Amino acid sequence: MVASPKVEDRVRDLHRRAVAATNNGQPVVGGRLIRSAARLLGLPATEPPQGWPAWPDLATRVLGTYAAVETALGHSARGLALLDEADVLVSDAGRGILRQQRGLVLILIGRMDEALVCFDEAIPLLRQAGEFVVLAMSAPGRPGTPGRSSSKTAARPSPAGR
């Protein structure tokens, strides 16, 4: 990975487009885009790539989105494996995002009880890291989060996250 503002901008653009495509029902397009972003970061990896951490928050988001896209494409084992790999790479500040993404993946595969545990773990971490947009998007209706609704059921989060 070459740490330069140009590469960072390219990765952020690919990530943004992958999230948009996946959330608009085009996970194949989202997958192509997020895999390109991951390759630019030297990911996935089982240990931090050389020069790590140039942009640990961005890498966490890319890996989380990559996992959600793989799951949306029917590759849930791969999605969960990507999240497991991300555990060794994520910074303390990114741990909440990673727990939120695991919760999203677990929702997509119908493991709701486990997903709620992940969201409950993510909430204080996201708050501490100042990730209020992710917090509001990932846990609507959960006590202590922005966007809390009076409904007994939470809205389904978008598959690719943020």
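Residues numbered from 1 in each chain as written. Predicted model: local features only at pLDDT ≥ 70, side-chain atom pairs only at ≥ 80, totals over all residues. Heavy atoms only, no water.

Student: Would you take a moment to explain the environment of Ala-67 for this structure?
Tutor: Here Ala-67 is to be found in helix α3 (residues 56-72). In this structure Ala-67 comes out as buried when scored by relative accessible area, which is 0%. Taking C-alpha positions, Ala-67 is 7.9 Å from Gln-101, a pair spaced 34 residues apart along the chain. With near-sequence residues (within four places) excluded, Ala-67 lies in contact with Gly-79, Leu-82, Leu-83 and Val-105. (Helix = DSSP H or I, 4+ residues; strand = E, 2+ residues; numbered from the N terminus. Buried < 20%, exposed > 50% of the residue type's maximum accessible area, 1.4 Å probe, protein only. Contact = heavy atoms within 4.5 Å.)

Student: Quick question: what am I supposed to make of the side chain of Thr-71 here?
Tutor: Inspection of the secondary structure puts Thr-71 in helix α3. Classification of Thr-71 by relative accessible area gives buried; the value is 8%. Polar side-chain contacts of Thr-71 include one of 2.9 Å to the backbone oxygen of Ala-67. Those residues in contact with Thr-71 that sit more than four places away from it in its chain are Ser-76, Gly-79, Val-105, Leu-108 and Ile-109. (Polar contact = N/O pair within 3.5 Å; in protein donor to acceptor, adjacent residues only side chain to side chain.)

Student: Where do I start with the confidence of the model for the chain in this structure?
Tutor: Note that predicted coordinates carrying low pLDDT should not be read in detail. Of all residues in the chain, 77% have pLDDT values of 70 or greater, and the mean over the chain is 82. Element-level mean pLDDT values for the chain span from 76 in helix α7 (residues 132-138) up to 94 in helix α2 (residues 27-40). pLDDT under 50 marks residues 145-156. Its contacts with residues more than four places away, or in other chains, come to 16 contacts. (pLDDT = per-residue confidence, 0-100.)

Student: Can you help me understand the environment of Ala-18 in this one?
Tutor: In this structure, Ala-18 sits in helix α1 (residues 5-23). On the basis of relative accessibility, which here comes to 0%, the residue Ala-18 falls in the buried class. Filtering out sequence-adjacent residues up to four positions away, Ala-18 remains in contact with Gly-30, Leu-33 and Ile-34.

Student: How do you make sense of helix α4 (residues 76-87) when you look at a structure like this?
Tutor: For an α-helix, the turn length of 3.6 residues means that residues three or four places apart are oriented alike. Compared with the 16 Å implied by 1.5 Å per residue over 12 residues, the 17 Å span of α4 between its first and last C-alpha is a close match. Buried within α4 are the following residues: Gly-79, Leu-80, Leu-82, Leu-83 and Ala-86. Looking down the long axis of α4, one finds its buried residues gathered within 155° of arc, a one-sided arrangement. Turning to α4, the residues buried within the fold contact α3 and α5 (95-108). (Expected span 1.5 Å × (residues − 1). Arc of directions from axis to C-beta.)

Student: Just to check I follow, could you spell out helix α6 (residues 112-129) for this structure?
Tutor: The end-to-end C-alpha separation of α6 is 25 Å, in line with the 26 Å expected for 18 residues at 1.5 Å each. Phi turns positive one or two residues past the end of α6, at Gly-130, with a value near 75°.

Student: I would appreciate a short explanation of the nonpolar core in the present structure.
Tutor: Here is a general trend for soluble globular proteins: nonpolar side chains tend to be buried in one another's company. Judged by nonpolar contacts, the single largest core of 34 residues is most densely connected at Val-11, Ile-34, Leu-41, Leu-43 and Val-62. Elements supplying a minimum of two residues to this core: α1, α2, α3, α4, α5 and α6. Formed by 6 residues, the second largest nonpolar core is a distinct cluster that contains Ile-97, Ala-122, Ile-123 and Leu-126. (Core = buried A, V, L, I, M, F, W, Y, C linked by side-chain atoms within 4.5 Å.)

Student: Sorry, what's going on with the pattern of salt bridges here?
Tutor: When their charged atoms lie close together, side chains carrying opposite charge are able to pair. In this structure the tally under the stated criterion is 12 salt bridges. Measuring nitrogen to oxygen at the nearest pair gives 3.5 Å for the salt bridge that ties Glu-85 to Arg-78. Residues participating in the shared-partner salt-bridge network are Arg-10, Asp-13, Arg-16 and Arg-17. (Salt bridge = Lys/Arg side-chain N within 4 Å of Asp/Glu carboxyl O.)

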